[in-house]
Amino acid sequence: MEEKRKLMDENGIRTDGRKWDELRPIRMEVGQLHNADGSAYIEFGKNKIVAAVYGPKEMHPKHLLLPERAVLKCRYHMAPFSVDERKNPAPSRREIEISKVIREAIQPALFLEDYPRTAIQIYVEVLQSDGGSRVAGITAASLALADAGINMRDMVVGCAVGKVDGKVVLDLNDTEDKEGSGDLPFAFMPNLNRVTLLQMDGLFTLDEFKQALGMARDGALKVYQMQREALLKRYFAGGVAEMSTTEEEAE
Amino acid sequence: MPAKSFVVETIKRTQLIDLLSKGKRMDGRNLDQARKLEIKTGLIEKANGSAMVSLGNTQVIAGVKIDKGIPFPDTPDKGLLIVGAEVLPLAAAYVEAGPPDESAIELARVVDRGVRESEMIDVGSLVIKAGKFVYAIFCDVNVLNADGNLFDATSYAVVAALLTAKMPKFVMEGDVVKNTGQMLPLPVAKIPVSVTIANIDDMLVLDPTEEEEAVMQSRITLDTEDDGYLCAGQKGEPGSFTPEQILTAADWALARGKEIRAAIKEATGRA
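Computed from a predicted structure; not experimentally measured. (Residues numbered from 1 in each chain as written. Chains lettered and ligands numbered in written order. Predicted model: local features only at pLDDT ≥ 70, side-chain atom pairs only at ≥ 80, totals over all residues.)

Side note on the overall build of chain B
Item 1. Of regular secondary structure, chain B possesses five helices and twelve strands.
Item 2. For 271 residues, the compact-globule estimate of 2.2 N^0.38 gives 18 Å, and chain B sits close to it at 19 Å.
Item 3. With respect to the principal axes defined by its C-alpha atoms, chain B has extents near 70 × 40 × 35 Å.
Item 4. In chain B, which comprises 271 residues, the proportion classed as buried is 47%.
Item 5. Here the contacts in chain B between residues at least 6 apart in sequence split such that 69% fall between residues at least 24 apart. (Helix = DSSP H or I, 4+ residues; strand = E, 2+ residues; numbered from the N terminus. Rg over C-alpha atoms; globule rule 2.2 N^0.38 Å. Buried ≥ 20, exposed ≤ 12 C-beta atoms within 10 Å, placed from the backbone. Contact = placed C-beta atoms within 7 Å.)

Written out as C-alpha cells, the structure is:
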C-alpha cells in the first residue's frame, strides 16, 4: 500500500482540512425508524449509516436458541450505491467478517442473560461509505440498542486511527483509508475502560501502536459525548442542558 | 452463530482457571509460551510450494498454486496474492462440511491481512504485462486437526509454503503468455509472524489450546515483521481487553515473533 500523493501538507493539514487529531463532522439521531424496536442514524464525515435493532424476539432457527441468554445477531451491509463503483448487493466476505467483529464488539456491553431463549438482531446498513464505516456503524448500533431499551453495561463507541505520510492521525477519511499506510479500527466501552474491537493493517512501530491506541481512546471519548447527547435529545428533549450539567456536577 | 460446540467440563474449566491464577497452564506451559512448532515443507509435488505445520496438536497444510492471471482493475501493475483457508470436517467432531462459515472467513481474511500488510511478497514485481497479465499466487490452507489457535498455525503454514514456492517464469510472445519452463523463487521481502493471545478471566495466555479457547472471553492476533513493526491485528470473540492488556499482547507478539521467525527461516532454508 504505497502512498500515491501527499495526504498532509507542510503545516500538517490533511486532505479535508483537518489537523492530525481532529474528528470529521459527526451527527447522530436516535429513533427515526418507526418499525424497529430501536434505531439510530449517524453521519460520520461522508458516512451515512442507519442502524436498527429488533428484539428481544423469538429465536429462529429454534435449535440455535440458548436456554441461558439471548443470541445476538448482526448484519453489516453496504448499499450498492454507497461506494464509487456499484457494489454487488450480495454479502461479501468482507461484510461477513465485519458483521462478526461488530457483533463481538457490542456483545460485551449487553446483559444478554436478561433475555433467555430469544434473539436480538442488529442491522447496520451503510447508505454511503467514507472510511471508518464499521466503527461509525458500532456507534450507531449501540445507540439503537439503547433506544430499543436493551439492558446495557455501557455504550460502545467506535473510532479509527491510521497512518498517513508516516504520522499517526485520528479518524481516516476515504482517501486516507485507501491511500494511507495504516488503519486501526477501534471500539471502546468508555465507562468500563475496555477495548471491544481492534483491527489493524499497515506498519506501526510499538511506540506508534501505543500512540494510536491512546488517540483512538481519546477520539472515542469525544464521540461518546455526542452519543450521549443524541440519547438525551431523544429522551429528554428540551431538558438536555439541565440533565447533562446536573450529572456532571454529581460526578 | 455459536460456530463451535466444543464444551469443556465445569470441573476442568475451574481447574484451568485456578491454574492460570497461579501462572500455570494445563499442559505445563508458561502463560507467554507457545506450543512446539514443527514445519515440514515440500510435501506436495504438484503444488508450487507446500508446508505442513503442527502447533501442538493443531495441524494444518498449506499449498501454493501459481499461474498467470488478470490483474484487478484498480491495481493493474500488481500480481495477485490470494489466501484461502478451510477447516475440513475431519478436523474436529463439531466441524460440518459446507461452504465456509463466518469463522472460516475470518480465519482466511486475518491470515491474508498479515501476509499482505507485511508486504512479504513484492507483488509489484509479479507483472507479466501491466494491465493485462500478472502472476496469480493462490495459497490455500486446510486445517487437518483443530486444537486451538488456527490463526497462528495457518499463518505459519502460508508463510512457509510461500517461502519455499517456485514460480514458473512467464514471458509475453506477441499477445500470448508463454511459460518458459524456468522456475524461480518468489520475490520475498519480509517474513510476517502471527501471534495469538487469549484473554481468560483477565489473564492473558499465548497460543491457546482448544480447551483454553473454549473458556476464553476474547482473543487478539497481532502480526509482526522483521523490522520490529506490527503489521496487522484482529481482536475476536465477544469479550474485551483493557488498553494495558493490548500493550502486553503487543510486547509478547514482538518477543515471540522473533523466535518463531527464526524457526520458520531454519525450516525453510530462507534467511
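There's plenty left to go through after this.
Details of the overall build of chain A
Item 1. Along chain A, the regular secondary structure elements total five helices and nine strands.
Item 2. Each helix (α) and strand (β) of chain A, taken in turn from the N terminus, gives the series β-β-β-β-α-β-α-β-β-α-β-β-α-α.
Item 3. Scaling as 2.2 N^0.38, a compact globule of 251 residues should have a C-alpha radius of gyration of about 18 Å, and chain A matches this with 18 Å.
Item 4. In terms of overall dimensions, chain A has a C-alpha envelope of 55 × 50 × 35 Å along the principal axes.
Item 5. Buried positions account for 50% of the 251 residues belonging to chain A.

Focus on the confidence of the model for chain B
Item 1. Per-residue confidence for chain B averages 94 on the pLDDT scale, and 98% of its residues sit at or above 70.
Item 2. Quick note on the complex model: pTM equals 0.88, ipTM equals 0.81. (pLDDT = per-residue confidence, 0-100.)

Thoughts on the sheet that holds strand S3 (residues 47-58) of chain A
Two pairing modes exist for strands in a sheet, parallel and antiparallel, and in both the strands are linked by backbone hydrogen bonds.
Residues and elements named next belong to chain A.
Item 1. Here we have five strands laid out as an open sheet, ordered S1-S2-S3-S5-S4, and mixed in their pairing. In this open sheet, the two edge strands, each paired with only one partner strand, are strand S1 (26-30) and strand S4 (71-78). Strand-to-strand twist across the sheet, computed as the mean angle between neighbouring axes with direction ignored, equals 15 degrees.
Item 2. Where S4 meets strand S5 (residues 118-128), eight bridges bridge the pair, whose relative direction is parallel. Its bridge partner lying in S5, Tyr76 is registered against Val124.
Item 3. Against the sheet, helix H2 (residues 133-147) touches S1, strand S2 (38-44), S3, S4 and S5, its axis set at about 150 degrees to S2. (Pairing = 2+ DSSP bridges. Axes fitted to C-alpha atoms, helices over the stretch in contact; angles between N-to-C directions.)

Things to note about the packing of helix H1 (residues 93-106) of chain A against helix H2 (residues 102-117) of chain B
Relative orientation and spacing of two packed helices are given, respectively, by the angle between their axes and the distance between those axes.
Item 1. H2(B) packs onto H1(A) with a crossing angle of 105 degrees between their chain directions and a minimal axis gap of 9 Å. Relative to H2(B), H1(A) is oriented roughly perpendicular. Residues Arg93(A), Ile96(A), Glu97(A) and Lys100(A) of H1(A) form the contact with H2(B), whose participating residues are Glu102(B), Ile105(B), Glu106(B) and Arg109(B).
Item 2. Tallied by class, residues from the contact of H1(A) with H2(B) come to two nonpolar, no polar and six charged. (Parallel < 35°, antiparallel > 145°, perpendicular 65-115°, else oblique. Nonpolar A, V, L, I, M, F, W, Y, C, P; charged D, E, K, R; others polar.)

Regarding the environment of Cys159(A)
Residue and element names in this part refer to chain A.
Item 1. Along the polypeptide, Cys159 turns up in strand S6 (residues 157-164).
Item 2. For Cys159, a count of 28 C-beta atoms within 10 Å corresponds to the buried category.
Item 3. If we skip the residues at most four places from it in the chain, Cys159 touches Val135, Asp171, Phe186, Ala216, Gly219, Ala220 and Val223.

Observations concerning the interface of chain A and chain B
Item 1. Residue-level contacts link 29 residues of chain A with 28 residues of chain B.
Item 2. Listing elements by their share of the side of chain A that touches chain B, those giving two or more residues are S4, H1, strand S9 (194-204) and helix H4 (206-235) of chain A.
Item 3. Examining the composition of the side of chain A that touches chain B, we find that eleven residues originate from one element, S9(A), more than from any other.
Item 4. Its residues placed into classes, the side of chain A that touches chain B shows 14 nonpolar, six polar and nine charged.

Let's talk about H1(A)
Residue and element names in this part refer to chain A.
Item 1. When the terminal C-alpha atoms of H1 are compared, their 20 Å separation across 14 residues agrees well with the 20 Å that a helix rising 1.5 Å per residue should span.
Item 2. The buried count for H1 comes to ten of 14 residues, which makes it a mostly enclosed element.
Item 3. Regarding H1, the residues found buried are Glu97, Ile98, Ser99, Lys100, Val101, Ile102, Arg103, Glu104, Ala105 and Ile106. (Expected span 1.5 Å × (residues − 1).)

Here we look at the sheet that holds strand S9 (residues 193-200) of chain B
Item 1. An order of S7(A)-S6(A)-S8(A)-S9(A)-S12(B)-S11(B)-S9(B)-S10(B) is seen for the eight strands of this open sheet, with the pairing classed as antiparallel. In this open sheet, the two edge strands, each paired with only one partner strand, are strand S7 (167-170) of chain A together with strand S10 (203-206) of chain B. Going from strand to strand, the sheet's axes swing by 20 degrees on average, the running direction of each strand aside.
Item 2. In this sheet, strand S12 (residues 230-236) of chain B lies alongside S9(A) in antiparallel orientation, the contact comprising four bridges. What sits directly across from Asp201(A), in S12(B), is Ala232(B).
Item 3. Strand contacts of H4(A): S6, S7, strand S8 (182-189) and S9 of chain A together with S12 of chain B, with the helix running at about 140 degrees to S6(A), the strand carrying the most contacts.

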